[in-house]
Amino acid sequence: MKNNKISIDLDIEELFGLKKPSKNSLEYDLNFIIDNGMEEYIKQQEEHEQKKKEFISLFKECYDELCIFMEKDPKQRVAISCFTCIKGMDLSKQYGKPKRK
């Protein structure tokens with residue numbers, strides 16, 4: 001019951017415009033354009049795209065080192081050298097069914 005009251009209060013706040021829009025919403029983008037201008041919005045979007053491209057290039061560059069780091073993880077949270085991946089087994093329909101070439 002307590003959670004329902006909280007969500008109802010949040011919905012009412014949102015309906016009255018008392019809550020700030022989330023960063024990835026159309027309302028946020030429109031308010032940003034109104035406040036700062038279209039040039040600033042385009043500049044911000046280009047900077048974001050540049051950061052994404054830089055991250056992708058760094059990830060590609062350091063992929064092998066990341067794999068070695070994840071293999072040495074004592075908790076083994078990420079499977080790096082999975083047996084089914086190495087052998088190319090198709091597990092979508094049946095467990096352990098090898099792909100036919």
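Preceding this section is the structure that the text describes.
Attention here is on the structure that accompanies the text. Position labels on residues start from 1 in each chain and follow its written sequence. pLDDT decides what is reported in this predicted model: residues at 70 or higher carry local features, side-chain atom pairs at 80 or more are listed and counted, and totals for whole chains, interfaces and linings draw on all residues regardless. Remark: hydrogens and water are excluded; side-chain values derive from all non-hydrogen atoms of the structure.

Turning next to the overall build of the protein. If you tally the helices and strands in the protein, you get five helices and two strands. The way it works is that DSSP assigns letters per residue, a run of H or I at least four long becomes a helix, a run of E at least two long becomes a strand, and they are numbered from the N terminus. In the protein, the succession of helices and strands from N to C terminus is α-α-α-α-α-β-β. The method behind every accessible area is Shrake-Rupley, applied with a 1.4 Å probe, and residues are considered shielded solely by the protein chains displayed. If you sum the accessible surface of the protein, you get close to 9,900 Å²; carbon and sulfur atoms cover 56% of it.

Should a side-chain nitrogen of Lys or Arg be within 4 Å of a carboxyl oxygen of Asp or Glu, the pair is scored as a salt bridge. With the rule as written, the count across this model stands at one salt bridge. A salt bridge links Glu49 to Lys52; the nearest nitrogen and oxygen atoms lie 3.5 Å apart. On the criterion of helical spacing, the pair formed by Glu49 and Lys52 is a turn pair, its members being three residues apart in helix H3 (residues 38–61). For each residue, the accessible area found with a 1.4 Å probe, counting protein chains only, is set against the maximum for its type, and the residue is called buried under 20%, exposed over 50%, and partly exposed in between. Among the residues examined, Glu49 registers a relative accessible area of 36% and is labelled partly exposed. Among the residues examined, Lys52 registers a relative accessible area of 42% and is labelled partly exposed.

Surface patches are drawn from residues lacking salt bridges whose relative accessible area is over 30%; two like charges belong together within 9 Å, two nonpolar side chains (Val, Leu, Ile, Met, Phe, Trp, Tyr) within 5 Å. His residues and chain termini do not enter the charge count, which takes Lys and Arg as positive and Asp and Glu as negative. The atom standing in for a charge is NZ when the residue is Lys, CZ when it is Arg, CG when it is Asp and CD when it is Glu. Together, Glu39, Glu40, Glu46 and Glu47 give the surface a local cluster of negative charge. Counting through the fold element by element, Glu47 comes out in helix H3.

The next thing to look at is the packing of helix H2 (residues 26–36) against H3. Axis separation between H2 and H3 bottoms out at 7 Å; the angle between their running directions is 125 degrees. Here H2 is positioned oblique relative to H3, judged by the angle of their axes. Along its contact with H2, which presents Asp29, Phe32, Ile33 and Asn36, the element H3 presents Met38, Glu40, Tyr41 and Gln44. Lys, Arg, Asp and Glu make up the charged group, whereas Ala, Val, Leu, Ile, Met, Phe, Trp, Tyr, Cys and Pro make up the nonpolar group; the residues left over, Gly among them, are polar. Along the lines of polarity and charge, the residues of the contact of H2 with H3 split into four nonpolar, two polar and two charged. In this description, a line fitted to the C-alpha atoms serves as the axis of each element, helices being fitted only across the stretch in contact, and the angle between N-to-C directions of two axes falls anywhere from 0 to 180 degrees. Here the word oblique covers every angle except those under 35 degrees (roughly parallel), over 145 (roughly antiparallel) and from 65 to 115 (roughly perpendicular). Only heavy atoms matter for contacts: two residues are in contact if any of them lie within 4.5 Å across the pair.

Following the sequence through the fold, Met70 ends up in helix H4 (residues 63–71). Expressed as a C-alpha distance, the spacing of Met70 and Ile80, which sit 10 residues apart in the sequence, is 7.2 Å. When near neighbours in sequence (up to four residues on either side) are disregarded, Met70 contacts Val78 and Ile80.

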